[in-house]
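Spelled out from the first residue to the last, the chains are:
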Amino acid sequence: MSEFHDETYEHADNAHGGAQEQERTFAALPPAHGRGFAQSWWGQAWLKALEDTALDLQQLKSGRRLARAGAVGAVSVRPGRITAVVKDRDGTPHRSDVLLQELSPEAWDRFLDMAIERAGHIAALLDRDMPPHLVEDSAAAGVELLPGIGDLEPECDCEAWDHCGHTAALCYQVARLLDEDPFVLLLMRGRGERMLLDELQERSASRADTPEALEGTQEGGPAGVDAAEAYADGAILPPLPALPPLPAEPGLPPTLDTDAEPAPGLDVQAVEFLAAQAAVEAYRILADALAPGHEHCPVEDELTGSEDAVRLAAAQPGTAVEARLAVASERGHDGLALAVRAWRYGGRAALHVLEEVWTPKEEVLARARAALDTAWEADEQPQLRAARNRWTVVGSDVQLRHGHDGRWWPYRKEHGRWAPAGPAAHDPATALAVASGSE
């Protein structure tokens, strides 16, 4: 789910050297607990440009802490500049700017000509995606979209000569904006979404009126239409009407309360429970299908019989049905209760973390150690004993478990058994705080 549903936009169209000037302002983002700052490859490329440029690694760490704590205010994005007020840990505000050179008119001409030839690139941008071949084709046309070393120039009223913690925090926060909308990068380079699409439409129309486009017209019948041009025009037409809204709640299954006697051996209550759960599951699948970005999500494998037994037990079926599910899942009463607890925190992924022991890649563990190093002062950092994907805090009943999905799960020892203690987090420090009971 997007975390930018409350963002605000401001557009100002002014004469400025013969070009249109635009501005978008995004509301301050919530603290970045439990996630990295960039999930998309282009967001990570933005952060790489920052981290390769900055000379003081301590300032980068300070920037990550400020951004993670929600110290960055509303972010204003304009051609060539991003701006925000960033507060120090003591609350002192600083105006911070990061400058990125705008593309020249000639570079924009080359980019637009390339986009007309490869209409799929614009369709991807409209889906808030930036495929690598778009950047590669732009570079082949002599247009560098993503920043490189030294391209992100800092300005801050704290008067630091290099990237300070304030400008670094602003860059980390902008990476989150880029994840959701790559048009933010194009605006920094000099063209907002509306302006870019208008120019593409004009170029498409002009090309259609050229003698080359009209060549081949036969008397008595229309000329053929080039498929690439038709696709390009379609990418900038108004969107299709919205789908019907999701119902307020799952539908009610048919009642089995009739005058007829049930067949011998038929458990009516169990059948009614299964029918109700089928309606709930159908509603969940429909809600997922209607969610933004569903078409990019991988298709999940069907649940195994043992997993499905846990899913049903999590719906509180009653003592008799629960006893049958404990037998069917081969977990017993206590094992099923523990599995249900995990399921309620995170479904199948949480269940796998409860039951599986495996060895993550070393680079994954190295990133986790680095994240933990930045979360505490050196004398406050907890000591962890690692055993494959399970990290236990020495001298306590607190543990972290790493899942195949890249997230960290908090665990606590209860009555001699390790039990799930909360939902997963991408940040191991956040998961550890949950497991320790500090959140």
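In case you missed it, the structure is sitting above this.
Computed from a predicted structure; not experimentally measured.

Attention shifts here to the overall build of the chain. For the chain, the count of helices and strands is 16 helices and 12 strands. Looking at the chain as a whole, 39% of its 439 residues are labelled buried. Across the chain, every contact between residues at least 6 apart in sequence was considered, and the portion connecting residues at least 24 apart equals 63%. Accessible area of the chain: about 24,400 Å², with a carbon and sulfur share of 53%.

This structure, assessed with the given rule, holds four aromatic pairs. Between W41 and W42, the aromatic rings sit 6.2 Å apart at their centres with planes inclined by 90°, giving edge-to-face as the arrangement. Assessed through its relative accessible area of 31%, W41 is described here as partly exposed. W42 sits in the buried class, given a relative accessible area of 6%. Judged by centre distance (5.5 Å) and plane angle (85°), the rings of W108 and F111 are edge-to-face. Of the two residues, W108 and F111 both sit in helix α3 (residues 105–117), three residues apart, roughly one turn of that helix. Here W108 matches F111 in class, with each residue buried.

Structurally, S329 is set in the loop between α13 (319–328) and α14 (332–355). Polar contacts involving the side chain of S329 include one to the main-chain carbonyl oxygen of A326, which spans 3.3 Å. Apart from the residues lying within four places of it in its own chain, the contact partners of S329 are S306, A309 and L336.

Let us look at the sheet that holds strand β4 (residues 75–78). By way of backbone hydrogen bonds, the strands of a sheet pair with one another, either parallel or antiparallel. The strand order β3-β4-β5-β6-β7 describes an open sheet built from five strands, whose pairing is antiparallel. Across the chains shown, the open sheet's two edge strands, defined by having one partner strand only, are β3 (24–26) and β7 (153–156). Put simply, the sheet's adjacent strands are angled 20° from each other on average, direction ignored. Lying over the sheet, helix α6 (residues 165–180) contacts β3, β4, β5 (81–87), β6 (93–99) and β7, oriented at roughly 60° with respect to β6.

Rules of the game
- Residues numbered from 1 in each chain as written.
- Predicted model: local features only at pLDDT ≥ 70, side-chain atom pairs only at ≥ 80, totals over all residues.
- Heavy atoms only, no water.
- Helix = DSSP H or I, 4+ residues; strand = E, 2+ residues; numbered from the N terminus.
- Buried < 20%, exposed > 50% of the residue type's maximum accessible area, 1.4 Å probe, protein only.
- Contact = heavy atoms within 4.5 Å.
- Areas by Shrake-Rupley, 256 points an atom, 1.4 Å probe, with all protein chains shown as cover.
- Phe/Tyr/Trp six-rings, centres within 6.5 Å; stacked < 30°, edge-to-face > 60°.
- Polar contact = N/O pair within 3.5 Å; in protein donor to acceptor, adjacent residues only side chain to side chain.
- Pairing = 2+ DSSP bridges.
- Axes fitted to C-alpha atoms, helices over the stretch in contact; angles between N-to-C directions.

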